[in-house]
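# Understanding the architecture of this molecule
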Amino acid sequence: MAGRLTTSGDENPAVLQAIVAGCAAALMLTGLVMIYSTGSIEAISLDWSPEKYFLNQLVFAVIGTGLALALWLFVPYRVWNTRLIYVGILIVWLCFIGVALTGEGILGARRWLDIGPFRFQPSEFAKIAFIMVTAYLVCRYQDGSLSLAKAAGGAALCVAAPLAMLLLTQSDLGTTAICAVGIWVALLFGGVRLRWLFGGLGVIAALGAVAILATPYRRVRLFQALGLMPADAAASYQLTQSLYTFADGGLLGVGLGNSKGKFQYLPEAETDFIFSIVGEELGFVGALVIIVLFLVILACSLKIAASCPDPFGRMLAGGCAVMLVFQAFLNIACVIGIAPTTGKPLPFLSYGGSSLMSSLVVIGIILSVAKGSEAPDVHRERQQNLRVVSHGEPYVPPRSQRHAVDQGFSASAGYASGRSGAAASHGRYAAAARPSSSRRESFGAQRSYGRSRR
């Protein structure tokens, strides 16, 4: 499977990096504009400055961009292919325990942790750590450093147990599903056998069905989305307003800043349902551009992952890319009523520092994999292999030819020892080790070249 997930190498890594970075920047800038347009009404209703949401998001954007650039330009992705990842998982455990004990509850969900003046959502960053530790454990199993039992135990302790805690203590099925999709794709890029992957997919689907059916509000949302249960007016108010808002935009939208849904008709318009405001103000064309930008990020990131020379980079880039874009499409599906509401933000666009910074960190990691996978240009490599021999200077063959020469020497030595040893019983095998006459003649010509010059 790992061999099939490769590319021809014709794609220029620098071009792929520029496309991914450009699309992410376009999405982030669009999000800042839409938050300024949408959040100003909510801020005024709370007696805040109209620019409060925008300025807060701008600070998060600057910090997240700095993190992404640092990861891209200065932090090799192979740094995470060490035991350092265990420190990250330990931090995830501590944050999840902190959320369970002292977490701040917002809109009925306890998913935020306060540390001094800062409030953040640990699960947004834990998603990245789960991809990293999955890739690390698979690589250690493949190179023989870990047995199957130890690798499975590490996966249970570092991935399965935190995800179970995330689902049980934070009631966050959306993030759990997003992590599961990213981990599944990372295992696919890691070369795990398909029967194990699809078997695990069946187990995940069964556990997800149990989590939905065992919780009344999730069960109601699913049945209403499938049309199996009549929608309650109060329960479906947000989705109804979302559809009205999105439909008002038509093809080209009502114009930037002219939304009506943001005047508190649509709850959470600046966070989970900002895509409806995009559709209203920028129209179907603007919403389609947002979708295309995410698809371009996915396509280029998958090319980056497939062209990476080592399995850790392939799993890291592939898993992070699919996880990011899957969350975007999950949010869009919830906004337009295709999927039940999950409360997950739209990456780069929804208001929230944790979501924006974690999305930018994912982009930085993908770009780091692309930068670390850059192969030297073929023509430049040939130029570097050229050797100019001055008068009286012995010829020194290039590294590749010296390797062949060394093989010729060792083969000659093996042939001589074979002749002096058990020549009668293994003569035909010793003869097979004899270097070809063309190789000996070529090597002899190379050695005599310097003497002929003198």
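Just so it is clear, the structure is predicted and the values come from calculations on it, not from any experiment.

Cut-offs applied
- Residues numbered from 1 in each chain as written.
- Predicted model: local features only at pLDDT ≥ 70, side-chain atom pairs only at ≥ 80, totals over all residues.
- Heavy atoms only, no water.
- Helix = DSSP H or I, 4+ residues; strand = E, 2+ residues; numbered from the N terminus.
- Contact = heavy atoms within 4.5 Å.
- Areas by Shrake-Rupley, 256 points an atom, 1.4 Å probe, with all protein chains shown as cover.
- Salt bridge = Lys/Arg side-chain N within 4 Å of Asp/Glu carboxyl O.
- Buried < 20%, exposed > 50% of the residue type's maximum accessible area, 1.4 Å probe, protein only.
- Expected span 1.5 Å × (residues − 1).
- pLDDT = per-residue confidence, 0-100.
- Disulfide = S-S within 2.5 Å.
- Phe/Tyr/Trp six-rings, centres within 6.5 Å; stacked < 30°, edge-to-face > 60°.
- Core = buried A, V, L, I, M, F, W, Y, C linked by side-chain atoms within 4.5 Å.
- Patch = residues over 30% accessible without salt bridge, like charges linked within 9 Å, V, L, I, M, F, W, Y side chains within 5 Å.
- Axes fitted to C-alpha atoms, helices over the stretch in contact; angles between N-to-C directions.
- Parallel < 35°, antiparallel > 145°, perpendicular 65-115°, else oblique.
- Left-handed = near helix turned anticlockwise from the far one by under 90°.
- Nonpolar A, V, L, I, M, F, W, Y, C, P; charged D, E, K, R; others polar.

Scanning the protein chain from N- to C-terminus turns up 16 helices and three strands. A separation of at least 24 residues holds for 74% of the contacts in the protein chain among residues at least 6 apart in sequence. When the accessible surface of the protein chain is totalled, it reaches about 23200 Å², and 65% of it is carbon and sulfur.

A word on the pattern of salt bridges. One pass over the structure, following the stated rule, counts seven salt bridges. The partner of Asp172 in a salt bridge is Arg111, and the shortest N-O contact between them spans 4.0 Å. One end of the pair, Asp172, is in the loop between helix H5 (148–170) and helix H6 (173–189); the other, Arg111, is in strand E2 (residues 109–115), with 61 residues separating them in the sequence. No difference in accessibility class separates Asp172 from Arg111, as the two residues are buried.

The next thing to look at is helix H4 (residues 122–142). At 3.6 residues per turn, the α-helix brings residues three or four places apart onto the same side. When the terminal C-alpha atoms of H4 are compared, their 30 Å separation across 21 residues agrees well with the 30 Å that a helix rising 1.5 Å per residue should span. Counting buried positions along H4 gives 18 out of 21 residues, so the element sits mostly inside the fold. Phi for Gly144, located one or two positions after H4, is positive at around 85°.

Bringing the confidence of the model for the protein chain into the picture now. Residues at a pLDDT of 70 or more form 76% of the protein chain, whose mean pLDDT is 82. Low pLDDT, under 50, characterises residues 387–391; the stretch is placed with seven contacts to residues that sit more than four places away or in other chains.

A few words on the state of the cysteines. The tally for this structure, following the rule as stated, stands at zero disulfides. Looking at Cys23, it has no disulfide partner, and the nearest cysteine sulfur is the one in Cys300, 6.6 Å off.

Scanning the entire structure with this criterion turns up seven aromatic pairs. Centre to centre, the rings of Tyr36 and Phe54 are 5.3 Å apart; their planes meet at 80°, and the pair counts as edge-to-face. Here the residue Tyr36 occupies a position in helix H1 (residues 13–45), and Phe54 occupies one in helix H2 (residues 52–73), the gap between them amounting to 18 residues. For Tyr36, a relative accessible area of 42% gives the class partly exposed.

In this fold, Thr38 is placed in helix H1. Those residues in contact with Thr38, other than ones at most four positions away along the chain, are Lys262, Ala269, Glu270 and Ile277.

Turning next to the side chain of Ser301. Tracing the backbone through its elements, the reader meets Ser301 in helix H10 (residues 274–306). When neighbours within four sequence positions are excluded, Ser301 is seen to be in contact with Val20, Ala321 and Ile366.

As a further point, take the nonpolar core. With 94 residues, the main nonpolar core has Phe130, Leu316 and Phe348 as its most contacted residues. Broken down by element, this core gets its largest block of residues, 16 residues, from helix H11 (residues 311–335). Among all residues touching Phe130, those that are not within four sequence positions of it are Ile89, Val92, Phe96, Cys158, Val159, Pro162, Leu163, Cys179 and Ile183.

The grouping of Leu251, Leu252, Phe284, Val285, Leu288, Val289 and Val292 at the surface amounts to a nonpolar patch, some 640 Å² of accessible area in total. The exposure class of Val289 is partly exposed, given its relative accessible area of 43%.

The backbone phi angle of Glu268 is positive, close to 55°, even though this residue is not glycine. Positionally, Glu268 belongs in the loop between helix H9 (237–248) and H10. In this structure Glu268 comes out as partly exposed when scored by relative accessible area, which is 28%.

Where H10 meets helix H12 (residues 353–372), the axes come as close as 9 Å, and the angle between the chain directions of the two elements is 40°. The angle between H10 and H12 falls in the class oblique. As H10 runs across H12, the sense of the crossing is left-handed. Of the residues in H12, those in contact with Ile297, Ser301 and Ile304 of H10 are Ile363, Ile366, Val369 and Ala370. Considered class by class, the residues forming the contact of H10 with H12 number six nonpolar, one polar and no charged.

With that settled, consider the packing of H4 against H5. Interaxial distance between H4 and H5 falls to 9 Å at its minimum, and their mutual angle equals 165°. Put simply, H4 runs roughly antiparallel to H5. Considering the relative orientation of H4 and H5, their crossing is left-handed. Two secondary-structure elements touch here, H4 through Ser123, Phe130, Val133, Thr134, Leu137 and Tyr141 and H5 through Leu148, Ala151, Gly154, Ala155, Cys158, Val159, Pro162, Leu163, Leu166 and Gln170. Partitioned by chemical class, the residues of the contact of H4 with H5 number 12 nonpolar, four polar and no charged.

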